[in-house]
Amino acid sequence: MIIDFARRAHDHNWELDPITRSLLDTDFYKLLMLQFIWKHFPNTHASFSLINRTTNVRLGDIVSVDALREQLESTRKLRFRKSELIWLAGNTFYGRRGIFDPAFIAWLERDFCLSDYDLSVKDGQISLRFEGLWCQTTMWEIYALSMIAEMKTRASLKHLGELELDLLYARAKTRLWGKMEQLRGVPHLSVSDFGTRRRHSFLWHEYVVNAMHDVLGEGFAGTSNGYLAYKHDMEAIGTNGHELPMAMAALANNDDELRNAQYRLLELWQQSYQGELLILLPDTFGTTQFLRDAPPLVKNWTGLRIDSKDAYVAGDEYIAWLERSGCDPRHKRLISSDALDVEQILGQHAYFAGTLRNGAVPDDFHSAADFHDSNRWVPNRRIRFAAGWGTLLTNDFRNCNPQGDDSFNPLSLVCKLSEVEGRPAVKLSDNYSKALGNAAETERYRRVFGIAGVADTPVLI
């Protein structure tokens with residue numbers, strides 16, 4: 001797919017160019033979670049709030065709040081298309097047809113709608129909150145994040161001339177090609193696109209996904225974006241997120257219920273999907289405590305996704321836990337997804353998907369040639385490793401701006417569950433810097449779950 005990004009940006013003169021083109025233009029796991037919420041919590045109220053963790057960037061001074069409101073209203077008017085619903089109902093996901101209940105598909109067609117929102121600018125930052133039924137607020141998360149990320153991009157593009165626009169995209173394409181060249185031919189590689197929420201733009205995202213598919217072949221496992229998977233006949237990737245255990249914990253009535261909420265969620269999820277889509281996300285309240293106190297059902301889950309812990313530490317911790325539990329790690333999955341770029345993907349793949357030899361270390365691996373050197377590495381997996389590549393796949397324009405500033409750098413922007421039925425929601429994370437929630441409730445959660453294995457590292461993206 002050949003797109004003249006520079007020409008398109010230069011000639012842009014539409015009064016409203018909608019950013020959200022389809023309700024499928026979201027992480028696929030949001031649709032799976034939406035069905036779970038629709039089934040188990042149809043009358044539960046929940047709110048979500050936008051947080052800019054890159055506090056030195058005054059986002060409210062960059063993105064027009066009036067233009068953002070227009071985009072939000074445009075998205076609220078969208079409905080699922082008949083062809084999209086047919087794809088959800090009839091397609092095979094993770095090797096199984098019929099993951100989505102016919103009654104849920106009918107609800108999407110007739111009754112699904114997005115909640116209202118509260119939007120303003122406070123102290124230079126965008127204040128955006130969604131409140132209503134949980135099944136009406138949950139989907140706003142990805143729409144809002146990708147919308148604001150692209151509006152920041154559009155605002156920055158307006159400052160560049162035609163030649164500068166051409167140079168910007170030429171540099172970004174060259175960088176993307178260089179990354180793909182490093183990955184091409186790496187044995188047993190499995191990389192997926194996880195980059196919807198902080199992408200440069202929809203069109204750039206689509207360009208990147210198609211390029212990865214064409215260049216990496218079987219090494220590219222698919223995309224987490226439902227619309228791109230639907231449009232380009234790719235595998236849709238994703239299972240669940242932090243939102244679910246956060247909500248279950250918020251609804252707990254005492255400390256014992258709070259401690260067990262993360263495991264109660266697993267039981268409900270397993271029942272909902274008949275033993276499919278079983279990827280653990282244990283870091284909501286800390287991976288170490290999660291594995292330490294895990295009930296027997298956990299060892300039957302397919303694998304684990306790392307989100308906020310050092311991937312080497314978290315992977316070794318999971319492998320050791322599997323071995324203690326009598327499971328062969330080579331039959332389980334380990335998905336790394338936190339702040340990945342090509343060097344981290346290659347290093348982690350070398351560490352988990354084979355055996356390092358003769359003093360080789362993960363940082364020694366920079367291309368397929370390094371993996372084909374049997375003196376340094378042989379393919380003998382410790383666990384089935386895969387990478388979910390996010391922001392630095394779909395929005396790496398660092399140092400590409402011909403004007404020399406960092407206006408195209410991605411932000412660490414999140415939209416997280418903040419309240420459930422009026423109760424505060426908390427995420428502790430494996431990283432103190434990623435914790436979310438009011439101070440008193442966060443302190444209570446730390447008392448209940450403990451802080452074993454939690455580190456304090458900078459949040460990159």
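See the structure printed just above.
Procedures and definitions
- Each chain has its residues counted from 1, running along the sequence as written.
- Owing to the predicted nature of the model, reporting of local features is limited to residues with pLDDT of at least 70; listing and counting of side-chain atom pairs is limited to 80 or more, with chain, interface and lining totals taken over all residues.
- Side-chain figures throughout are based on the complete set of non-hydrogen atoms in the structure, without hydrogens or water.
- Put simply, DSSP H or I for four residues or longer makes a helix, DSSP E for two residues or longer makes a strand, and each gets a number counted from the N terminus.
- The contact criterion used is simple: two residues touch if any of their non-hydrogen atoms lie within 4.5 Å.
- Strand pairing is assigned whenever DSSP detects at least two bridges linking the two strands.
- Here an axis means a line fitted to C-alpha atoms, over the contact stretch when the element is a helix, while the angle between two N-to-C directions is reported on a 0 to 180 degree scale.
- Orientation labels follow simple angle bins: below 35 degrees gives roughly parallel, above 145 gives roughly antiparallel, 65 to 115 gives roughly perpendicular, and whatever is left gives oblique.
- If you view the pair so one helix is near and one far, a crossing is left-handed when the near helix is turned anticlockwise from the far one by less than a right angle, and right-handed when it is turned clockwise.
- To pair, rings of Phe, Tyr and Trp, with the six-membered ring standing in for Trp, must have centres within 6.5 Å; the planes then decide the type, stacked if under 30 degrees apart, edge-to-face if over 60, and tilted in the middle.
- Categorising residues by exposure relies on relative accessible area from a 1.4 Å probe, with only protein chains included: less than 20% of the type maximum marks a residue as buried, more than 50% marks it as exposed, and the intermediate range marks it as partly exposed.
- To define a nonpolar core, start from buried Ala, Val, Leu, Ile, Met, Phe, Trp, Tyr and Cys residues and group those joined through side-chain atoms within 4.5 Å.
- Throughout this description, the term salt bridge denotes a Lys or Arg side-chain nitrogen within 4 Å of a carboxyl oxygen of Asp or Glu.

Here Phe 28 lies in helix H2 (residues 28-40). Sequence-wise, Phe 28 and Phe 194 are 166 residues apart; in three dimensions their C-alpha atoms are separated by 9.9 Å. Setting aside anything within four residues of it in sequence, one finds Phe 28 in contact with Leu 88, Phe 93, Phe 100, Ser 224, Gly 226, Ala 236, Ile 237 and Gly 238.

As a further point, take the sheet that holds strand E14 (residues 413-420). With antiparallel pairing, five strands are arranged side by side in an open sheet as E4-E5-E1-E14-E15. In the strand order of this sheet, the two ends are held by strand E4 (117-122) and strand E15 (423-424), each with one partner. In this structure, strand E1 (residues 45-52) lies alongside strand E5 (residues 125-133), joined through five bridges in antiparallel fashion. Looking at E5, one finds that Ser 47 is bridged to Glu 131. On top of the sheet, helix H8 (residues 140-157) reaches E1, E4, E5 and E14; it is set at about 150 degrees to E14, its chief contact.

As a further point, take the packing of helix H4 (residues 65-76) against H8. Packing of H4 against H8 leaves a shortest axis separation of 11 Å and a crossing angle of 140 degrees. Judged on the interaxial angle alone, H8 and H4 are oblique. Where H4 crosses over H8, the two elements pack in a sense that is right-handed. For the pair H4 and H8, the contacting residues are Ala 67, Leu 68, Gln 71, Leu 72, Thr 75 and Arg 76 in the first and Trp 140, Tyr 143, Met 147, Ile 148, Met 151 and Arg 154 in the second.

We now examine the packing of aromatic side chains. For the coordinates displayed, the defined rule picks out 37 aromatic pairs. Both rings, one in Tyr 169 and one in Trp 204, keep their centres 6.0 Å apart while their planes meet at 50 degrees; by these two values the pair is tilted. With Tyr 169 in helix H9 (residues 162-183) and Trp 204 in helix H10 (residues 202-216), this pair connects stretches of sequence that are 35 residues apart. Trp 204 matches Tyr 169 in its accessibility class, with the two residues each being buried. Between Trp 269 and Tyr 273, the aromatic rings sit 4.7 Å apart at their centres with planes inclined by 50 degrees, giving tilted as the arrangement.

If you look at the biggest cluster of nonpolar residues, it comprises 147 residues, and the most contacted ones within it are Phe 100, Leu 108, Leu 128, Trp 269 and Trp 389. Considering every element that reaches this core, the biggest residue donor is H10, with ten residues. Ignoring sequence-local partners within four residues, the contact set of Trp 389 consists of Lys 179, Leu 183, Val 191, Ser 192, Asp 193, Phe 194, Gly 195, Met 212, Leu 340, Asp 341, Val 342 and Ile 345.

What follows is about the pattern of salt bridges. A complete count under the given rule lists 36 salt bridges for this structure. We note a salt bridge from Asp 396 to Arg 175, for which the minimum N-O separation is 3.1 Å. You can see Asp 396 sitting in the loop between helix H18 (391-394) and E14 and its partner Arg 175 sitting in helix H9, a full 221 residues away along the chain. Overall, the relative accessible area of 6% leaves Asp 396 in the buried class. For the salt bridge of Arg 447 with Asp 255, the shortest nitrogen-to-oxygen distance reads 3.0 Å. Taken as a pair, Arg 447 in helix H19 (residues 439-449) and Asp 255 in helix H13 (residues 255-272) lie far apart in primary sequence, 192 residues in all. Residues joined by salt bridges that share partners form a network here, namely Asp 27, Lys 30, Glu 141, Arg 197 and Glu 243.

Once that is clear, we can look at helix H12 (residues 243-250). Buried residues dominate H12, accounting for eight of its eight residues. For H12, the complete set of buried residues consists of Glu 243, Leu 244, Pro 245, Met 246, Ala 247, Met 248, Ala 249 and Ala 250.

What follows concerns the sheet that holds strand E10 (residues 333-336). With respect to topology, six strands assemble into an open sheet ordered E7-E6-E13-E10-E9-E8, the strand pairing being parallel. What marks the edges here is a single partner per strand, and that holds for strand E7 (220-223) and strand E8 (279-280). Relative to strand E13 (residues 384-389), strand E6 (residues 191-193) is paired through three bridges, and the arrangement is parallel. When the sheet's bridge partners are listed, Val 191 is paired in E13 with Ala 387. Contacting E6, E7 and E13, H10 runs over the sheet at an angle of about 155 degrees to E7.

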